[in-house]
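A structural walkthrough
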Amino acid sequence: MRILVTGASGLLGINLALEASRAHSVYGLVNDHPLSSAACSSAGFQVVQADLLVPGAAQRLLEQIEPDWVIHCAALANLDACEADPARAQQLNSEVPRQLALLVARSGARMLHVSTDAVFDGQQGSYSEQDLPNPVGVYSRTKLEGEWAVLAEDSSAIVARVNLFGYSLSGKRSLGEFFLYNLMAGKQVMGFTDVYFCPLLANHLAQIFLRMLALRLNGLFHVVSSECLTKYDFGMRLARLFSLPESLIQPTSVAQGGLKAARSPNLSLRTDKLTQALGAPPPSIETGLEAFYQLYQQGYPAKIRQFSEQ
Ligand SMILES: NC(=O)c1ccc[n+]([C@@H]2O[C@H](COP(=O)([O-])OP(=O)(O)OC[C@H]3O[C@@H](n4cnc5c(N)ncnc54)[C@H](OP(=O)(O)O)[C@@H]3O)[C@@H](O)[C@H]2O)c1
């Protein structure tokens, strides 16, 4: 398949481009953060540059690449940046997905749009795809509007609500990296004991996306780990696996965390629909963390960082 991965310089996009290029022709779209072309060609994918906010950019891209599948990871995914510039968040998280879905549907290609667990307010937990979202901030509101827009323009699209961790270009984009590198540096960190999530390793998430597209699924899916836990427990399990000092993780309530944008406390999501569609549950936290550890042992973080070297 010819696959266009938007957001290829981001946490999800770079890992997805790498996973997908093992079996497919992959084109990774970046905007402000060019990727090293040497690293891309040795990894087997091509990099293209475009600002999706420029009128006509998405159309030109689709005409140039003629993809079979478009996996749309690009977004304004920083919560504080969304609060600071709601108009930009609206454009990137709602209008760009709408435009892309319209163009992809017209071209006959198939689209997987990446959304977020944060469309829920986190008061209930154990959410299924039937539960009513109630976004608590600009990021989650604009992402929810993006979901609606994609499904309205392209009924064959997949909308995947995700949460993830993994290795990024900056080494700072995921909670896994936050715990790993701070604990390695001997720094004390907060671990929230009252915020639940179900993160999948970005590489596992990428493999699941490819299966969902190959199976020609469509509609809304929760694509998270089969297991949920607090951010504190996640840090503790990571510390044990890497033999790092667990005592550096301070159990903290999110109310004491000093975060600017509001967080939903219980983002545990049900994955029954995905499990049924795939014939197997998505990986557990233990499986994800074990693979995160193995990737570290294999030098994968350094391989990822090479993409940002010019
Ligand atoms: N990270 C998480 O824990 C998490 C949790 C739930 C859902 N998600 C969702 O997962 C998806 C991927 O998130 P992520 O963490 O990988 O994001 P990220 O690391 O913040 O990367 C965002 C990507 O979007 C691209 N982008 C931003 N503005 C653009 C524009 N105007 N034109 C073209 N590309 C643009 C960026 O390109 P440049 O850097 O080159 O400008 C970058 O590659 C998003 O849809 C996000 O909402 C993420």
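Heads up: these notes are all about the structure in this document.

1. Concerning the overall build of the protein chain
- Broken down by element type, the protein chain carries 12 helices and 13 strands.
- Against the compact-globule benchmark of 19 Å for 310 residues, the protein chain has a radius of gyration of 18 Å, which places it among compact chains.
- In terms of its C-alpha atoms, the protein chain occupies a principal-axis envelope of roughly 55 × 45 × 40 Å.
- For the protein chain, buried positions account for 54% of its 310 residues.
- Considering only intrachain contacts with a sequence separation of at least 6, the fraction spanning at least 24 residues in the protein chain is 76%.
- Just so you have it, the protein chain exposes about 13,300 Å², and 48% of that area is on carbon and sulfur atoms.
- Between the centroid of the 24 positive side chains of the protein chain and the centroid of its 27 negative side chains there is a distance of 3 Å.

2. A short note on the pattern of salt bridges
- Scanning all chains against the criterion turns up eight salt bridges.
- Between Glu246 and Arg240 there is a salt bridge, with the nearest N and O atoms lying 3.1 Å from each other.
- For Asp272, the salt bridge goes to Arg270, with nearest N and O atoms at 2.9 Å.
- The partly exposed category is assigned to Asp272, whose relative accessible area is 44%.

3. A look at helix 6 (residues 138–153)
- With 16 residues, helix 6 extends 22 Å from end C-alpha to end C-alpha; this agrees with the ideal 22 Å at 1.5 Å per step.
- Within the span of helix 6, buried status applies to Val138, Tyr139, Ser140, Thr142, Lys143, Leu144, Gly146, Glu147, Ala149 and Val150.
- Here the buried face of helix 6 lies against helix 4 (79–84), helix 5 (86–107), strand 5 (110–116), strand 6 (158–162) and strand 11 (219–223).

4. As for the state of the cysteines
- For the structure on display, the rule yields one disulfide.
- Paired through a disulfide, Cys198 and Cys228 show a sulfur-sulfur distance of 2.2 Å. Disulfide Cys198-Cys228: the torsion about the S-S bond is 80°, which places it as right-handed. Here Cys198, found in the loop between strand 9 (196–197) and strand 10 (200–201), pairs with Cys228, found in the loop between strand 11 and strand 12 (229–230); they are 30 residues apart in sequence, far enough to count as distant.
- Counting only cysteine sulfurs, Cys40 is the nearest neighbor of Cys73, a cysteine outside any disulfide, at a range of 15 Å.

Calculation rules
Residue numbering note: each chain is counted from 1, following its sequence as written. In view of the model being predicted, local features appear only for residues whose pLDDT reaches at least 70, and side-chain atom pairs are presented and counted only at 80 or more, with totals across whole chains, interfaces and linings using the full set of residues. By convention in this description, side-chain values take in all heavy atoms of the structure and omit both hydrogens and water. Each helix corresponds to a stretch of at least 4 residues labelled H or I by DSSP, and each strand to a stretch of at least 2 residues labelled E; elements are numbered beginning at the N terminus. C-alpha atoms define the radius of gyration, and 2.2 Å times the number of residues to the power 0.38 defines the globule rule. Partly exposed residues are those whose accessible area sits between 20% and 50% of the maximum for their type, while under 20% is buried and over 50% is exposed, using a 1.4 Å probe and protein chains only. In what follows, a contact means two residues having at least one pair of non-hydrogen atoms within 4.5 Å. Per-residue accessibility takes into account occlusion by the displayed protein chains alone, with areas from the Shrake-Rupley method and a 1.4 Å probe. Charge assignment: positive for Lys and Arg, negative for Asp and Glu; neither His nor the chain ends contribute. Charged side chains are reduced to one point each, which is NZ for Lys, CZ for Arg, CG for Asp and CD for Glu. Take a side-chain nitrogen of Lys or Arg and a carboxyl oxygen of Asp or Glu: if they are within 4 Å of each other, that pair is a salt bridge. To estimate how far a helix should extend, the number of its residues minus one is multiplied by 1.5 Å. Whenever a pair of cysteine sulfur atoms sits within 2.5 Å, that pair is classed as a disulfide.

None of this, on its own, says anything about what the molecule does.
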